[in-house]
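Close look at the chain arrangement
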Amino acid sequence: MNFIETRGNDGNKPASVSFSQAILNPMASFGGIYVPEAIPRLEDDFLAKSLDKDYQALAQDILKIFGIDLDEQLVADALATYAGFDDPANPVPVVKIGDRLHVSELYHGPTRAFKDMALQPFGVILSGLAQERDEHYLILAATSGDTGPAALDTFRNKPNIKVACLYPDGGTSDVQRLQMVTEDADNLKVIGIHGNFDDAQAALKRLLGSDLFRATLVEKHTQLSAANSVNFGRIIFQLIYHVHSYLELVRQGQIKLGDRVYMVVPSGNFGNALGGYYAWRMGLPVEKIVIASNANNVLTDLINTGVYDLRQRQLIGTSSPAMDILKSSNVERVLFHLFGAERTRELMRQLDEEHCYRLNDDELQSLQALFCADFCTDEEGKAYIKEYFERGYLMDPHTATCMKAHASCCNQPLHAIIYSTAEWTKFSPSIANALTGEVDTHDLDALKTIARLAGTQVPERINQLFSKPVVQKTLVDKEDIEKEVLAFL
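Since this is a predicted model, take the numbers as computed values, not measurements. (Residues numbered from 1 in each chain as written. Predicted model: local features only at pLDDT ≥ 70, side-chain atom pairs only at ≥ 80, totals over all residues. Heavy atoms only, no water.)

Bringing the overall build of the protein chain into the picture now. Assigned secondary structure in the protein chain consists of 21 helices and 15 strands. Its C-alpha radius of gyration of 21 Å places the protein chain within 12% of the 23 Å reference for a compact globule of 489 residues. In terms of its C-alpha atoms, the protein chain occupies a principal-axis envelope of roughly 60 × 55 × 50 Å. Here the protein chain holds 489 residues, and 61% of them are scored as buried. (Helix = DSSP H or I, 4+ residues; strand = E, 2+ residues; numbered from the N terminus. Rg over C-alpha atoms; globule rule 2.2 N^0.38 Å. Buried < 20%, exposed > 50% of the residue type's maximum accessible area, 1.4 Å probe, protein only.)

In structure tokens form, the structure reads like this:
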């Protein structure tokens, strides 16, 4: 299968590219991104035949359906990274927490967040392609807290790869920050910026689209790619866990094959929800995808009103910082599949230049046929954390935003899958505050409090962060990011 461009072709780039080309060079014409030229369908008996397969076998089958141009051994090596998860045979447990309510726990990888699901295999593939081609790559990553640690972990000491990771100073949890700034591999550079995630992502896209920056890299015998979900190499691995989670409910006897389910997804950059959208389009029985936001509820407004308006918005720091995003890159891919390249290019132009776009009534109806949305304040989230802890389930603040959206949007008597994106250890002060009322607690103290209350242990990998030396100390203004990246090279 080939991949095409969300904003159409400018005559300078190929009209379509292979999967390997799309992940090595993820930015397309007019600042767009790549999508599959057609969304493949699962065969009628695919789900039934997959019931007795483990996660790696399921992933291999889905990748074959896309016809990606990767060597079979490279794919096998990439999927073998799931051996580093808590349970290699079942890296994504699905846990029942209420009547027709289930949590798909996506955080059982090495950095305790859902980005490991895609970035662990993606790192093997990108490094493998670079070595096959005898090329050297600079991988850019912008993070709101989870992509950074996962990208740094997967690319650590990988041949032919260097990584520059941008994060908003003060915009992540302490654990997330420590996961990045204690990385000491020579091929990794962590850059804190005075700004927010949208500033970091804008800088990443600007550098990816800059011919001058690319030319400078060529002089250094280096190619350019990205680890963010603008790269379809991330998305293709994210859709797999949506299919797996559905199959888990069938295996557990909660649903029968063919029963529709709600997907409830905490959303920032929309990659997780996009994976669910592709799984649905491929044939997974889904009633609707429910988009849960925090106080940065631009996606709620888009889905409920058809208006994406950033003109009067300022990013709000919340207790679910991985969702503190106003410009969600992957919405563009949904717009393309619904409305085509020309309309997508116009909408993205309006967002870039006027900071606002408005869907017409027919377009909004098409969007609402797929998605519904609600948002959750920090105070509401704390109440959900406490309520479910008293019921016996410990959740992080991002998962908590899903509880309100589930209550308000899932109005059919169907089972719902909530996608939990981070382990409680990543956001312990917020959770400790929800459970005990304590405030301004240091992460280490909060971790101990929660572990005691929950009768569990703090994972050793998290504990060790607090004694590791901080080696990545760079902190710059956003205007100086390019200079810092080039100095690293």
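It is worth spelling out the pairing of strand β5 (residues 137–142) at this point. Along β5, six of the six residues are buried, which leaves the element largely enclosed by surrounding structure. Going residue by residue along β5, you find Tyr 137, Ile 139 and Ala 141 tucked away on one face and Leu 138, Leu 140 and Ala 142 tucked away on the opposite face as well. Pairing analysis gives six bridges linking β5 to strand β6 (residues 161–168), with the strands arranged parallel. Along β6, the bridge assignment pairs Ala 141 with Cys 165. Since β5 and β6 lie parallel, the crossover through helix α6 (residues 147–155) that links them has a hand, and here it is right-handed. Sheet topology places β5 next to strand β8 (residues 223–226); four bridges connect them, and they run parallel. When the bridges of β8 are listed, Ile 139 appears paired with Ser 225. (Pairing = 2+ DSSP bridges. Right-handed = clockwise from strand over helix to strand, strands pointing away.)

Moving on to the pairing of strand β7 (residues 188–194). Along β7, six of the seven residues are buried, which leaves the element largely enclosed by surrounding structure. Relative to β7, β6 runs parallel, the two being bridged by six bridges. Counted as the bridge partner of Tyr 167 is Gly 192 from β7. Once you follow β6 into helix α7 (residues 174–181) and on to β7, the crossover reads as right-handed. The pairing of β7 with strand β15 (residues 474–477) spans four bridges and is parallel. Bridging from a neighbouring strand, Ile 191 pairs with Thr 474 of β15.

What follows is about the nonpolar core. Ile 289, Tyr 357 and Phe 371 are the most contacted members of the largest nonpolar core, which totals 146 residues. In terms of residue count, helix α10 (residues 232–251) provides more of this core than any other element does, twelve residues in total. Every residue in contact with Ile 289, bar those within four places of it in the chain, is listed here: Met 263, Val 265, Ala 273, Gly 276, Tyr 277, Trp 280, Leu 370, Phe 371 and Cys 372. Within the second largest apolar cluster, 25 residues are counted, among which are Leu 140, Leu 166, Ala 200 and Val 485. (Core = buried A, V, L, I, M, F, W, Y, C linked by side-chain atoms within 4.5 Å. Contact = heavy atoms within 4.5 Å.)

Let us look at the packing of aromatic side chains. On inspection of all chains with the given rule, the structure shows twelve aromatic pairs. Plain terms: the ring middles of Phe 66 and Phe 232 are 6.5 Å apart, the flat faces sit at 55 degrees to each other, and that makes the pair tilted. Highlighted residues: Phe 66 in the loop between α3 (55–65) and α4 (72–79) and Phe 232 in helix α10, separated in sequence by 166 residues. Here the two residues Phe 66 and Phe 232 agree in accessibility, since each one is buried. Look at Tyr 277 and Tyr 278: their rings are 5.7 Å apart centre to centre, the planes differ by 55 degrees, and that puts the pair in the tilted class. (Phe/Tyr/Trp six-rings, centres within 6.5 Å; stacked < 30°, edge-to-face > 60°.)

Moving on, we come to unusual backbone geometry. A positive phi angle, close to 65 degrees, is found at Arg 112, a residue other than glycine. On the secondary structure map, Arg 112 appears in the loop between β4 (101–105) and α5 (115–132). Here Arg 112 falls in the buried class, since its relative accessible area comes to 10%. One non-glycine residue, Asp 134, adopts positive backbone phi at about 55 degrees. Tracing the chain through its elements places Asp 134 in the loop between α5 and β5. The exposed category is assigned to Asp 134, whose relative accessible area is 64%.

With that settled, consider a negative patch on the surface. A surface patch of like charges, here negative, comprises Asp 71, Glu 72, Asp 77 and Glu 132. By secondary structure assignment, the location of Glu 72 is in helix α4. Using a relative accessible area of 64% as the deciding quantity, one classes Glu 72 as exposed. (Patch = residues over 30% accessible without salt bridge, like charges linked within 9 Å, V, L, I, M, F, W, Y side chains within 5 Å. Areas by Shrake-Rupley, 256 points an atom, 1.4 Å probe, with all protein chains shown as cover. Salt bridge = Lys/Arg side-chain N within 4 Å of Asp/Glu carboxyl O. Lys, Arg positive; Asp, Glu negative; His and termini not counted. Charge placed at Lys NZ, Arg CZ, Asp CG, Glu CD.)

A separate point is the sheet that holds β8. Spatial strand order, β8-β5-β6-β7-β15: five strands in an open sheet with parallel pairing. Bordering the open sheet on either side are β8 and β15, each of which pairs with just one other strand. Across the sheet, the mean angle separating the axes of adjacent strands is 30 degrees when strand polarity is ignored. Set on the sheet, α5 makes contact with β5, β6 and β8; between it and β6 the angle comes to about 140 degrees. Set on the sheet, α6 makes contact with β5, β6 and β7; between it and β6 the angle comes to about 165 degrees. (Axes fitted to C-alpha atoms, helices over the stretch in contact; angles between N-to-C directions.)

Next up on the list: the packing of helix α16 (residues 378–390) against helix α18 (residues 428–436). The interhelical angle for the contact between α16 and α18, taken along N-to-C directions, is 70 degrees, at an axis separation of 8 Å. Looking at the two axes, α16 sits roughly perpendicular to α18. Crossing of α16 against α18: the hand is right-handed. Together, Lys 382, Ile 385, Lys 386 and Phe 389 of α16 and Ile 431, Asn 433, Ala 434 and Leu 435 of α18 make up the contact between the two elements. Residue composition of the contact of α16 with α18, grouped by class: five nonpolar, one polar and two charged. (Parallel < 35°, antiparallel > 145°, perpendicular 65-115°, else oblique. Left-handed = near helix turned anticlockwise from the far one by under 90°. Nonpolar A, V, L, I, M, F, W, Y, C, P; charged D, E, K, R; others polar.)

All right, on to helix α8 (residues 197–208) then. Here α8 contains twelve residues, and its C-alpha end-to-end distance of 16 Å stays within 8% of the 16 Å for a straight helix at 1.5 Å per residue. Within α8 the residues assigned to the buried category are Phe 197, Asp 198, Ala 200, Gln 201, Ala 203, Leu 204, Leu 207 and Leu 208. Close packing links the buried residues of α8 with β5, β6, β7, α9 (211–219), β8 and α21 (481–488). Structurally, the start of α8 carries an N-cap: the backbone nitrogen of Asp 198 is 3.0 Å from a side-chain oxygen of Asn 196. (Expected span 1.5 Å × (residues − 1). Polar contact = N/O pair within 3.5 Å; in protein donor to acceptor, adjacent residues only side chain to side chain.)

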